[in-house]
Amino acid sequence: MKSSLWLLPLLISFLSCTQDEPNNKTKFEIHKGVNISHWLSQSSARGEEREKFFVEDDIRFIDSIGYDHIRLPIDEEQMWDEQGNKNPEAFSLLHKALELAATYNLRVIVDLHIIRSHYFNDEVRPLWTDPAEQDKFVALWRDLSAELSKYPNHMVAYELLNEAVSDDHEEWNKLVDRAVKAIRETEPERKIVIGSNMWQSVRTFD
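Along each chain, the written sequence defines residue order, and numbers are assigned to residues from 1. Thresholds applied to this predicted model are a pLDDT of at least 70 for local features of residues and 80 or more for the giving and counting of side-chain atom pairs; totals over whole chains, interfaces and linings are not thresholded and use all residues. Heavy atoms from the whole structure form the basis of all side-chain values; hydrogens and water molecules are not counted.

1. Some words on the overall build of the chain
Labels follow the DSSP assignment, with helices taken as runs of H or I lasting at least four residues and strands as runs of E lasting at least two, numbered in each case from the N terminus. Counting secondary structure elements, the chain contains seven helices and six strands. Ordering the α and β elements of the chain from the N terminus gives β-β-α-α-β-α-α-β-α-β-α-β-α. Three labels apply to residues, based on accessible area from a 1.4 Å probe with only protein chains included: buried if under 20% of the type maximum, exposed if over 50%, partly exposed otherwise in between. Put simply, the chain has 206 residues, and 49% of those count as buried. We call two residues in contact when some of their heavy atoms are within 4.5 Å. Expressed as a percentage of contacts within the chain between residues at least 6 apart in sequence, the contacts between residues at least 24 apart total 76%. Surface exposure here means Shrake-Rupley accessible area, sampled with a 1.4 Å probe, where a residue is shielded only by the protein chains that are shown. Accessible area for the chain stands at about 10300 Å²; split by element, carbon and sulfur atoms hold 51% of it.

2. With respect to empty space enclosed by the protein
Cavities and pockets were defined on a 1 Å grid built over protein atoms only: a cavity is a set of grid points that admits a 1.4 Å probe from which the probe cannot escape, a pocket is an open set flanked by protein on both sides within 12 Å along at least five of seven lines, and lining residues are those with an atom within 4 Å of any such point. Grid points are joined across faces, edges and corners, and a volume is the space filled by probe spheres set on the points. As enumerated under the stated definition, the model contains one cavity of 30 Å³ or more in all. Of the volumes computed, that of the largest cavity is approximately 50 Å³. In this structure, the largest cavity is lined by Trp39, Glu51, Phe54, Val55, Leu93, Lys96, Ala97 and Leu100. Looking at the lining of the largest cavity element by element, the count peaks at four residues for helix H4 (residues 88-103).

3. Observations concerning the packing of H4 against helix H5 (residues 131-148)
Axis definition: a line fitted to C-alpha atoms, limited for helices to the stretch in contact. Angles are taken between N-to-C directions and run from 0 to 180 degrees. It is the contact of H4 with H5, at a shortest axis distance of 12 Å, that shows an interaxial angle of 50 degrees. Between H4 and H5, the angle falls in the class oblique. For H4 against H5, the interelement crossing comes out right-handed. In contact with Phe91, Leu94, His95 and Leu98 of H4, H5 contributes Leu144, Glu147 and Leu148. For this classification, the nonpolar set comprises Ala, Val, Leu, Ile, Met, Phe, Trp, Tyr, Cys and Pro, the charged set comprises Asp, Glu, Lys and Arg, and every other residue, Gly included, is treated as polar. Residues of the contact of H4 with H5, tallied by class, amount to five nonpolar, one polar and one charged. Here the word oblique covers every angle except those under 35 degrees (roughly parallel), over 145 (roughly antiparallel) and from 65 to 115 (roughly perpendicular). For any helix crossing, the convention is left-handed if the near helix is rotated counterclockwise from the far helix by under a right angle, and right-handed if that rotation is clockwise.

4. Examining the pairing of strand E4 (residues 107-114)
Burial analysis of E4 places eight of its eight residues in the buried class, which makes it a mostly covered element. Whether two strands pair depends on DSSP finding at least two bridges between them. Here strand E3 (residues 69-75) pairs with E4 via seven bridges, running parallel. Within E4, the position partnered with isoleucine 74 by the bridge is leucine 112. Bridge count between E4 and strand E5 (residues 156-159): four bridges; the pairing is parallel. Counted as the bridge partner of aspartate 111 is glutamate 159 from E5. Between the parallel elements E4 and E5, the chain passes through H5 in a crossover that is right-handed. Convention used here: a crossover is right-handed provided that the path from the first strand, over the helix, to the second strand proceeds clockwise when the strands point away from the viewer.

5. Considerations on the layout of surface pockets
As a volume, the second largest pocket reaches approximately 200 Å³. The wall of the second largest pocket is formed by 14 residues, among which Asn173, Asn197, Thr204, Phe205 and Asp206 lie closest to the centre.

6. As for H4
Between its terminal C-alpha atoms H4 stretches 22 Å, which fits the 22 Å expected from 16 residues at 1.5 Å a residue. Burial in H4 covers these residues: Ala90, Phe91, Leu93, Leu94, His95, Ala97, Leu98, Leu100 and Ala101. Side-chain atoms alone can form a polar contact between residues adjacent in sequence; in general such a contact is a pair of N or O atoms within 3.5 Å, and within protein one must be able to donate a hydrogen while the other accepts it. Its side-chain oxygen placed 3.0 Å from the backbone nitrogen of glutamate 89, asparagine 87 serves as the N-cap of H4. A helix's residues, less one, multiplied by 1.5 Å, set its expected span.

If you want it as structure tokens, here you go:
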């Protein structure tokens, strides 16, 4: 059986992740896609403005020009409050996007983009120095996995973190191991996208 872990350089929005025949209906197979940025990530828009930013017409257009998937970044501060409670409106938008994508047979990579303890351009990133923040990261993935596990494995994949930046490569490896194990407790076949350390650099693949 093929591994369900992928190490991908997500430096561009076009991905080729399989050698199977195209248009497979039972595997998470992707060839060309686009990043849906500044919607549920890196945006202060809320309410009607956020709701109208990404709609069915956009998904229809993406499908019409031959793309087969979208990468959908989400930020902790949009999806959960400081106490870890889900934001119903944000999760409703996420579910709506996933359901619309499925209508057009578009695969989706749900990317946990920015969390409160880690932003790839910040000088201080508590994720790597505070064990409690690492526990919280794993808990976010348990929560997200429970929320999204109903979607078929061939339609939705998870990206653990956008552009991990740790001074110690092994810190990212260890955190990856914990997060993957947490997801695998209930989703043994879900595709998981893992970027290399230091802004997903090629030189850190090893």
